[in-house]
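Chain by chain, the residues:
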Amino acid sequence: MSHDNLLIDDQDGVRTLTINRPDKLNALNRQTLLELFQAITQAHGDDQVRVIVLTGSGEKAFVAGADIGEIRDQSAVQARAFSAMGQNLMAIIQNLDKPVIAAINGFALGGGMELALACHLRIASDKARLGLPEIKLGIMPGFGGTQRLLRLVGTTRALEMSLTGEPIDAERAREMGIVNRVVTPDALKAEVMQLATQLAGSAPEAVSGILQAVNQGADTDLNTALALETARFALCCSTEDMREGTSAFLEKRQPEFQGR
Ligand code: COA
């Protein structure tokens, strides 16, 4: 499938998906959501891809939200389908067994913030602004934002952000635990690639075990989550990468993980 609104680039096991509608500040219309579905699914099934980076085209925006023109013209039934489609995409990203890093290069508003929240790690430019401004349009977040933000920052802050719709700057987002790191715009790509390449060189079974234990553990009771941790720990110990990692430590050398 060729993509109208997505650029795809591969480098050292890192697949970068760039949402490419700069004249609309990379707003998510249906077509772009479909292309993201397709590209994420393809990256998931490709053994050469170890890490996915999501970012936006241009200097201004990561993603400035769902496409407001499409929202205005839809019926309630279409709106329900649109919300379900967005939620499904975000769930696929969150539940992926490969790390997904959001490189937030500018505005991450509405669906853009929801997309970033579904990623596993977020690195922002100090020019970025994040927010859920849907309230100003007479609507509310519909791609999982009410729930992911709540789980990340608690009810007090989630309600303030979604009820006022006021965006916050990247540094405030870092203080609140919404983004992991903040760097200058010029440094963003290198910082993201450094982290992505580090993760791409790690043992994939360990990476996917951590992703599943933390993601599913966050929404389940402690005993069930600990049982999952034990199962995934045992699975790690069945891999050649475990032998390599432990042997390399004992032999005082760097490990070379093979993904086996
Ligand atoms: N959906 C559709 N189009 C969008 C959009 C969105 N979410 N966000 C921006 N655009 C379009 C604008 O309509 C404009 O298109 P035009 O040139 O054809 O008129 C273009 O992108 C540039 O945006 P503009 O508003 O002129 O840029 P700005 O620098 O003045 O403001 C923002 C930037 C991000 C503050 C402003 O675009 C904005 O508030 N966007 C909507 C954010 C939002 O409410 N998101 C939630 C949607 S549910």
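This write-up is about the structure you can find in this document. (Residues numbered from 1 in each chain as written. Predicted model: local features only at pLDDT ≥ 70, side-chain atom pairs only at ≥ 80, totals over all residues. Heavy atoms only, no water.)

## Considerations on the environment of G131
Applicable threshold: Secondary structure elements follow DSSP: runs of H or I of four or more residues count as helices, runs of E of two or more count as strands, with numbering from the N terminus. For the exposure calls, accessible area comes from a 1.4 Å probe over protein chains only, and a residue counts as buried if that area is under 20% of its type's maximum, exposed if over 50%, partly exposed in between. By the convention used here, residues are in contact when the closest approach between their heavy atoms is within 4.5 Å.
When you line up the elements, G131 lands in strand β8 (residues 129–131). Classification of G131 as buried rests on a relative accessible area of 0%. Setting aside residues up to four positions removed in sequence, G131 forms contacts with A108, L109, G110, M113, M161 and P167.

## Points about the pattern of salt bridges
Test applied: Salt bridge, as used here, is a side-chain nitrogen of Lys or Arg placed within 4 Å of a carboxyl oxygen of Asp or Glu.
Inspection of the entire model under this criterion finds 15 salt bridges. Residue R21 is joined to D67 by a salt bridge in which the shortest nitrogen-to-oxygen separation is 2.9 Å. One end of the pair, R21, is in the loop between β2 (14–19) and α1 (30–44); the other, D67, is in the loop between β4 (61–63) and α2 (68–72), with 46 residues separating them in the sequence. Measuring nitrogen to oxygen at the nearest pair gives 2.6 Å for the salt bridge that ties R174 to E171.

## Some words on the environment of G112
On the secondary structure map, G112 appears in helix α4 (residues 111–118). When neighbours within four sequence positions are excluded, G112 is seen to be in contact with F62, V63 and G65.

## Things to note about the sheet that holds strand β10 (residues 181–183)
Let me state the cut-off plainly: Pairing between strands requires that DSSP locate at least two bridges from one strand to the other. Axis angles are defined between N-to-C directions and span 0 to 180 degrees, where every axis is a line fitted to C-alpha atoms and, for a helix, only to the segment in contact.
Ordered in space as β1-β2-β3-β5-β7-β10, the six strands form an open sheet in which the pairing is mixed. For this open sheet the edge positions go to β1 (6–11) and β10, each flanked by a neighbour on one side alone. Averaged over all pairs of adjacent strands, the angle between their axes in this sheet comes to 20°, without regard to strand direction. Note that strand β7 (residues 121–125) and β10 share three bridges and pair parallel. Each residue of the ladder has a partner; that of A124, found in β10, is V182. Packing of helix α8 (residues 185–200) onto the sheet brings it into contact with β1, β2, β3 (51–56), β5 (100–104), β7 and β10, and relative to β7 it is tilted by some 160°.

## Description of the site of the ligand
Note the following rule: Only a single heavy atom is needed: when it lies within 4 Å of a molecule or strand, its residue is near that molecule or strand. Pairs of N or O atoms are called polar contacts if they sit within 3.5 Å, as long as, within protein, a hydrogen donor faces a hydrogen acceptor (for residues adjacent in sequence, only side-chain-to-side-chain pairs). The Shrake-Rupley method, run with a 1.4 Å probe sphere, supplies the accessible areas, and residue values consider only the shown protein chains as cover. Put simply, Ala, Val, Leu, Ile, Met, Phe, Trp, Tyr, Cys and Pro go in the nonpolar bin, Asp, Glu, Lys and Arg in the charged bin, and everything else, Gly too, in the polar bin.
Of all residues adjacent to the ligand, which total 16 residues, the nearest are K24, K60, A64, A66 and I68. At 2.5 Å from an oxygen atom of the ligand is found a side-chain nitrogen or oxygen belonging to K60. A distance of 2.9 Å separates a nitrogen atom of the ligand from a polar atom in the backbone of I68. Protein chains bury 59% of the 860 Å² of accessible surface belonging to the ligand in isolation. Those elements that place two or more of their residues in the shell around the ligand are α2 and β6 (107–109). Looking at the shell around the ligand, its residues break down into 10 nonpolar, one polar and five charged.

## Section: the sheet that holds β6
Strand pairing within a sheet occurs via backbone hydrogen bonds; the two strands may be parallel or antiparallel. Within the open sheet, the four strands sit side by side as β4-β6-β8-β9. Their pairing is mixed. The open sheet has two edge strands, β4 and β9 (168–169), and neither has a second partner. Relative to β6, β4 runs parallel, the two being bridged by two bridges. Among the inter-strand pairings, V63 is bridged to a residue of β6, identified as A108.

## Remarks on the environment of G144
Within the fold, G144 resides in the loop between β8 and α5 (145–153). In this structure G144 comes out as buried when scored by relative accessible area, which is 14%. For the pair formed by G144 and L117, sequence separation is 27 residues and the distance between their alpha carbons is 8.8 Å. Among residues more than four places away in sequence, those in contact with G144 are Q87 and E114.

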